[in-house]
Amino acid sequence: MKTATLNKGKESKYLNHYPLIDEEDIYAHDHLKEGDLVKLVTDQQQYIATGYVGRQHKGLGWVLSYDENAEINTSFFVHLFEKALEGREYYFNIEGTNAFRLFNAEGDGVGGLTIDNYDSHLLIQWYSKGIYKFRYNVLEAIKTVFNFTSIFEKMRFKDTSYAGGFVAGEAPEFPIIIEENFTFYNVDLNDGLMTGIFLDQKEVRKKLRDQFSENRHVLNLFSYTGAFSMIAAEHARSTTSVDLVNRSRALTEENFGLNGIDSKSQYIYVMDTFDFYNYATRQGYQYETIVIDPPSFARNKKKTFSVQKDYDSLIEGALNILSPEGTLLLCTNSSAFSLKAFKNVIKKSLSQSEVEYEINEVMGLPKDFKTHPHYKPSKYLKAIFVTIKH
Ligand code: SAH
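Per an unreviewed UniProt entry, the protein chain is named LSU methyltransferase RlmI, and its organism is Staphylococcus saccharolyticus.

A.B. asks: Describe the overall build of the protein chain, with residues and values.
C.D. replies: From N to C terminus, the protein chain includes 12 helices and 21 strands. Here the C-alpha radius of gyration of the protein chain, 22 Å, is about what a compact globule of 390 residues would show, namely 21 Å. Counting only residues that meet the buried cut, the protein chain has 53% of its 390 residues in that class. Considering only contacts within the protein chain whose residues lie at least 6 apart along the sequence, 61% involve residues at least 24 apart. Accessible surface computed for the protein chain: about 18500 Å², of which carbon and sulfur atoms make up 47%. Looking at the protein chain, you have 44 positive and 51 negative side-chain charges, and the mean spots of the two groups are 5 Å apart.

A.B. asks: Talk me through the packing of helix α10 (residues 273–283) against helix α11 (residues 307–320); I want residue IDs and the actual numbers.
C.D. replies: How two helices pack is summed up by the angle between their axes together with the distance between the axes. Two numbers describe how α10 lies on α11: the axes approach to 9 Å, and their chain directions differ by 20 degrees. On the basis of the axis angle, α10 is roughly parallel to α11. Crossing of α10 against α11: the hand is left-handed. The segment α10 lies against α11, with T273, F274, Y277 and T281 engaging S313, L314, G317, A318 and N320.

A.B. asks: Outline the pairing of strand β18 (residues 303–306), supporting the account with residue identities and numerical values.
C.D. replies: Bridging between strand β17 (residues 297–300) and β18 involves 4 bridges; their strand directions are antiparallel. Residue pairing across strands places R299 opposite T304, the latter belonging to β18. Linking β17 to β18, which pair antiparallel, is a turn of 2 residues; within it K301 sits at a positive phi near 50 degrees.

A.B. asks: How would you summarise the sheet that holds strand β1 (residues 2–5) if you had to cite specific residues and measurements?
C.D. replies: Working definition: the strands of a sheet are paired by backbone hydrogen bonds and lie parallel or antiparallel to each other. Across the sheet, 5 strands lie side by side as β1-β3-β4-β5-β2; this open sheet has mixed pairing. One side of each edge strand has no neighbouring strand; the edge strands of this open sheet are β1 and β2 (20–22). Strand-to-strand twist in this sheet, taken as the mean axis angle between neighbours without regard to direction, amounts to 45 degrees. In terms of strand pairing, β2 meets strand β5 (residues 59–65) through 3 bridges, oriented antiparallel. Residue pairing in the sheet places L20 in a bridge with W62 of β5.

A.B. asks: Give a detailed account of the site of the ligand, specifying residues and quantitative values.
C.D. replies: Of all residues adjacent to the ligand, which total 13 residues, the nearest are F222, D243, D272, T273 and D293. D272 places a side-chain nitrogen or oxygen 2.7 Å from a nitrogen atom of the ligand. Within the side chain of D293, an N or O atom sits 2.8 Å from a nitrogen atom of the ligand. Calculation on the ligand without its partners gives an accessible area of 580 Å², and the protein chains cover 91% of this total.

A.B. asks: So what about helix α2 (residues 74–87)? Which residues, and what values?
C.D. replies: Spanning 14 residues, α2 covers 20 Å between terminal C-alpha atoms, matching the ideal 20 Å at 1.5 Å per step. F76, F77, V78, L80, F81 and A84 are the residues of α2 that are buried.

A.B. asks: Give me the lowdown on the UniProt feature "domain: S-adenosylmethionine-dependent methyltransferase" (unreviewed entry) in the protein chain, citing residues and values where you can.
C.D. replies: As annotated by UniProt and renumbered to match this structure, "domain: S-adenosylmethionine-dependent methyltransferase" (unreviewed entry) occupies residues 156–338. Here residues 156–338 runs as 30% helix and 31% strand, with 23 Å between its end C-alpha atoms.

A.B. asks: Outline unusual backbone geometry, supporting the account with residue identities and numerical values.
C.D. replies: The linkage connecting F174 with the following residue, P175, adopts the cis geometry, with an omega of 0 degrees. The backbone of A105 shows a phi angle near 45 degrees, a positive value even though the residue is not glycine. Position of A105 relative to the elements: it lies in helix α4 (residues 105–108). For A105, a relative accessible area of 9% corresponds to the buried category. Positive phi, normally seen in glycine, also occurs at N215, with a value near 60 degrees.

Cut-offs used in this document
- Residue numbers run consecutively from 1 along every chain, following the written order of its sequence.
- Local features in this predicted model are restricted to residues whose pLDDT is 70 or higher, and side-chain atom pairs enter the listing and the counts only when it is 80 or higher, whereas totals over whole chains, interfaces and linings include all residues.
- As a rule here, side-chain values come from all non-hydrogen atoms in the structure, and water together with hydrogens is ignored.
- Strands are runs of DSSP state E lasting at least two residues, helices are runs of H or I lasting at least four, and both sets are numbered from the N terminus onward.
- The globule rule used for comparison is 2.2 Å times the number of residues to the exponent 0.38, while the radius of gyration itself is calculated over C-alpha atoms.
- Each residue is assigned to one of three classes by its accessible area relative to the maximum for its type, calculated with a 1.4 Å probe on protein chains only: buried under 20%, partly exposed between the two thresholds, exposed over 50%.
- Residue contacts follow a heavy-atom distance rule, with two residues in contact if any of their heavy atoms lie within 4.5 Å.
- Residue burial considers only the protein chains on display, and all accessible areas are found by Shrake-Rupley using a 1.4 Å probe.
- Counted as positive: Lys and Arg. Counted as negative: Asp and Glu, with His and the chain ends omitted from the count.
- By convention, the charge on Lys lies at NZ, on Arg at CZ, on Asp at CG and on Glu at CD.
- Working convention: axes come from line fits to C-alpha atoms, limited for helices to the stretch in contact. Angles between N-to-C directions cover 0 to 180 degrees.
- An angle counts as roughly parallel when it lies under 35 degrees, as roughly antiparallel when it exceeds 145, as roughly perpendicular when it falls between 65 and 115, and as oblique in every other case.
- Here a crossing is taken to be left-handed if its near helix is turned anticlockwise relative to the far helix by less than a right angle, and right-handed if that turn runs clockwise.
- Following DSSP output, two strands are said to pair if at least two bridges run between them.
- Near is defined per residue: the residue qualifies when any heavy atom it owns lies within 4 Å of the molecule or strand.
- A 3.5 Å cut-off defines polar contacts: any pair of N or O atoms within that distance qualifies, except that in protein one atom must be a possible hydrogen donor and the other a possible acceptor, and neighbouring residues in sequence count only when both atoms are side-chain atoms.
- Residue count minus one, scaled by 1.5 Å, sets the expected span of a helix.
- UniProt positions are given in the numbering used here, feature names are shortened, and annotations may be inferred rather than shown by experiment.

Right, dumping it as structure tokens:
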């Protein structure tokens with residue numbers, strides 16, 4: 001096995017089980033190739049951990065074990081998958097939900113690898129070339145531990161011409177229908193990077209339905225397939241979904257159809273969010289709840305959007321069309337945008353607009369998206385309900 005030697009004085013965080021091997025902490029790494037197993041050692045050559053090389057962001061790779069004798073083989077993954085499965089028993093036994101995460105990367109012991117369950121159709125996501133080198137062992141272990149009808153995979157790293165696809169089992173016809181909190185959604189595991197639903201938002205969606213939709217006009221910005229609109233529509237007076245991409249209209253209509261809601265009774269706009277703000281303001285439209293769940297980055301015509309730079313204008317625009325005492329649901333999934341910084345942007349924008357407000361809920365990832373206690377970026381999701389007081 002190759003050795004990755006830490007620079008002098010860099011060992012303490014790794015001794016405290018920080019899982020990401022930071023490229024900058026390693027003395028020399030030119031000899032390390034994607035998929036290599038490495039012994040992480042101090043500058044005195046003292047063993048700390050065993051990891052693999054899989055470059056992701058600033059990371060050179062991830063720690064897999066603190067046992068010098070550990071062998072990284074099929075049984076190694078079997079053991080971790082069994083542990084992950086035990087932790088998900090709750091999700092297998094609740095009614096009204098059949099899609100959730102089975103294995104969440106570093107939170108479950110292998111950074112760079114996630115496995116989701118969509119009603120017994122599994123989706124593996126590989127986040128580096130390095131982890132993909134373990135494909136054989138990972139697949140064998142999945143087949144040993146999990147029950148499934150089919151397995152699909154997606155490549156979440158650049159530098160590959162293969163985007164992913166069918167792996168094993170009996171391929172279904174897409175879209176398949178999954179259920180979450182008694183609401184139905186179309187899912188396609190074989191179409192680009194997204195699947196139709198972001199499973200990490202399930203508790204936030206439920207909260208929106210249970211506490212912030214009843215009898216309200218709900219606006220859902222960056223609506224994609226309309227997941228927030230679907231769940232809100234059960235109690236809302238109306239929903240309005242806004243997304244830039246043309247395809248979102250049909251996908252949203254189809255999801256309404258699945259839930260027995262006439263899509264003609266709901267509003268769908270294919271529009272840039274900021275253009276919609278201008279349009280709705282001119283029309284005098286008002287909403288009691290506005291959901292803002294943007295991508296971290298987006299390019300549109302000549303404009304680029306980034307959550308950290310532009311969240312303040314998203315909030316300011318929303319305030320113009322929010323009813324008195326209305327609620328904003330503000331989300332970001334950017335791991336680079338900390339909860340503290342996000343809260344600061346919210347506070348600053350709201351106080352500049354001279355409104356009083358109350359923070360109702362600060363939510364994060366659900367339990368199936370198990371996070372690593374010593375690795376903050378794994379808690380990437382932030383969702384804050386704020387009600388404006390006048
Ligand atoms: N909120 C969604 C997920 C959003 S994914 C959900 O809960 O499922 C991001 C979406 O933002 C994409 O569908 C993309 O088309 C859309 N988008 C990107 N830039 C946009 C813009 N300027 N205005 C409106 N939608 C935009």
